[in-house]
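Structure at a glance
In case you want the letters, here they are:
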Amino acid sequence: MLKVLLVDDEMFIRKGMYELIDWHSLGMEIAGEAENGLEALKKAECLQPDIIITDIRMPILDGLELIRAVANSPTMEPVFIIISGYHDFKYAQQAIRYGVQDYILKPIDDEEMTATLQKSADLIRNKRKHAFLAEEQASRIMLKDMIKGQVRKEDENRYADMLGMDRQTSLMLVLIEILTGAEIKHITVQHVSDLLQGLEGDVFHLYVIEEQRGRFALVLLCKESHNKHRKENIEDQIQKIQNRLSEQLQADVALYAGTMVNDMSDAPRSYAEADEASRHKFAEHGNVIWYSEVKDKPLYVFNVNHEVVDPLILSLEERNRVACHTVVEEMFKLFHSRRFSPQAVTGSLVRCMTGILAVVHEMGGSEAGLQQLKSLAEQGQDGWNPRLLKEAFVVALEEAEQYIAQLRSEQSKGDINKIKRYIDSHYTENISLKSIAAEFYMNPVYLGRLFRKSYNQYFNEYLLHLRIQEAQKLLRQTDLRMYEVAARIGFQNADYFVTQFEKILNMTPTAYRNLLKEEGLRGAE
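A few points on the structure. (Residues numbered from 1 in each chain as written. Predicted model: local features only at pLDDT ≥ 70, side-chain atom pairs only at ≥ 80, totals over all residues. Heavy atoms only, no water.)

**Notes on the sheet that holds strand β1 (residues 2-7)**
- One open sheet accounts for five strands, arranged β2-β1-β3-β4-β5; its pairing is parallel. Where the open sheet ends on each side, the last strands, each with one partner, are β2 (28-34) and β5 (102-105). Neighbouring strand axes in the sheet, compared pairwise and without regard to direction, differ in orientation by 20° on average.
- As defined by bridge partners, strand β3 (residues 51-55) adjoins strand β4 (residues 79-84) across five bridges and the pair is classed as parallel. Across the sheet, the residue bridging to I52 is F80, located in β4.
- The strands touched by helix α1 (residues 11-20) are β1, β2, β3 and β4; relative to β2, the strand with the most contacts, the crossing angle is about 175°. (Pairing = 2+ DSSP bridges. Helix = DSSP H or I, 4+ residues; strand = E, 2+ residues; numbered from the N terminus. Axes fitted to C-alpha atoms, helices over the stretch in contact; angles between N-to-C directions. Contact = heavy atoms within 4.5 Å.)

**As for unusual backbone geometry**
- A positive phi angle is found at I60, which is not glycine, with a value near 70°.
- Here I60 is to be found in the loop between β3 and α3 (63-71).
- Positive phi values are uncommon outside glycine, yet N456 reaches one of about 55°.
- When you line up the elements, N456 lands in the loop between α18 (444-455) and α19 (459-477).
- Overall, the relative accessible area of 69% leaves N456 in the exposed class. (Buried < 20%, exposed > 50% of the residue type's maximum accessible area, 1.4 Å probe, protein only.)

**Quick look at the packing of helix α12 (residues 306-317) against helix α14 (residues 342-362)**
- Two numbers describe how α12 lies on α14: the axes approach to 10 Å, and their chain directions differ by 45°. Looking at the two axes, α12 sits oblique to α14. Relative to α14, the crossing made by α12 is right-handed. Judged by residue contacts, H306, V309, L312, I313, L316 and E317 of α12 engage R351, C352, G355, I356 and V359 from α14. (Parallel < 35°, antiparallel > 145°, perpendicular 65-115°, else oblique. Left-handed = near helix turned anticlockwise from the far one by under 90°.)

**Focus on empty space enclosed by the protein**
- Under the defined criterion, the tally for this structure stands at two cavities of 30 Å³ or more.
- In this structure, the largest cavity spans a volume of roughly 110 Å³.
- Around the largest cavity, the lining residues are F282, V345, T346, L349, V350, M353, L376, A377, G380, Q381, W384 and L389.
- Looking at the lining of the largest cavity, the elements with two or more residues in it are α14 and α15 (371-379).
- Broken down by element, the residue count for the lining of the largest cavity peaks at five residues, all from α14.
- Per-class residue counts for the lining of the largest cavity are nine nonpolar, three polar and no charged.
- One number sums up the size of the second largest cavity: a volume of about 30 Å³.
- Along its surface, the second largest cavity is lined by L6, V7, D8, I13, R14, M17, I53 and I83.
- Elements that contribute at least two residues to the lining of the second largest cavity include exactly β1 and α1.
- With three residues, the single largest contributor to the lining of the second largest cavity is α1. (1 Å grid on protein atoms, 1.4 Å probe; cavity = no way out; pocket = protein on both sides within 12 Å on 5 of 7 lines; lining within 4 Å. Points joined across faces, edges and corners; volume = space filled by probe spheres on them. Nonpolar A, V, L, I, M, F, W, Y, C, P; charged D, E, K, R; others polar.)

Purely geometric stuff here, so don't read any function into it on its own.
Written out as structure tokens, the structure reads:
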């Protein structure tokens, strides 16, 4: 797999490139992304990409400066493709001087970009073929040509000799997927080859090619074409391979096997069959999936409908974790029983995530509070099996549940502050908990609990203290009669006002006013 580094300061351009190009069919993978030249330079030194696709005008370090820096590096020799929104001959001229493969203007045309990438891939592969490579590396390049159907007829004998094949040799393509989920494990093709060395013998020869990170193609050569137990021996060998890799790598490992073919020219067919078998990984049990067993089983390619998504979102809003886990469990059972394709599984989870994000946005939140879901959405379908994906999805949902609860708490806090300000402005009117709840479209019982939780005081106590404070002010500053004071502060009954005043201040309103007069007279003497 050729490694590609995408460099553009616009995130949507980078993400769009993922969807625009069929990278797998080109024998490429996106190894990394960067939003400026400096970040790209650091990642290039670490990732050693084969192709760098870069914009010209970027902050910190622009595209031409990046190309210049990489050109001066003794350890890197990638092919550069420039994408730019500016048709600037000066930039193009300078880029060509640095050996840039092509200069493509935005908006990017998928056919033009695919043709440029194919040309770059051919350039890289031809360069490697004509270099002095180690025998093992040369064998892997030949194997890649073979399974892609790129071996010329006149070269078949040379390839067969190199790989130790004769007319009695059959071959099978098996895809190996290291299932680590969100965990990053750097497993090299050499590591996998070393682990499988002890399983070779006179009958079986094994060659491993890296497809993309965490996925390898295994070419199994079999010289047992006339043995009546051949099928059982092959199945046993494949299971041994799976067991060895799982044990040594301490990870879930899935194998997807094509059918055995007798001619090198049929290798692409066995490879395509193995790839098709890999699409059944959410529909089959077990760690080895045979194309011969799934070829007649159709896959479901649509997403789950709202009848599945809505209960999941409701369980998050209600903080009902048991219900949430039950919905997820039933969803994954549906993936298996209805034979969902990997794309349909991914699409279904994205549909759930979109619904959750819509709820979060309605509550004033953002995707920043859904890091687990965001990360899961960006992972894609490679490297996951049902168990790992379900576990990661549940963790992401629990984070979403907590975030929604936090937003509701903040929202409630904001609402209760508004309600308190309303009370402070209208306490002299005939208001009650019920009338205020109706004003703010809330349940009065819930409002009462929320008020007490927020201010450590019952609503009626707070309202009464406001009114009594205002009554004291009126008694000090006016000669209003008691029924008039009561009416001014929202009491419809003067006797009730007197009772409540005495309850708070341990004296009647009249006694309070008389006390003020007596103190005034003493002060005048």
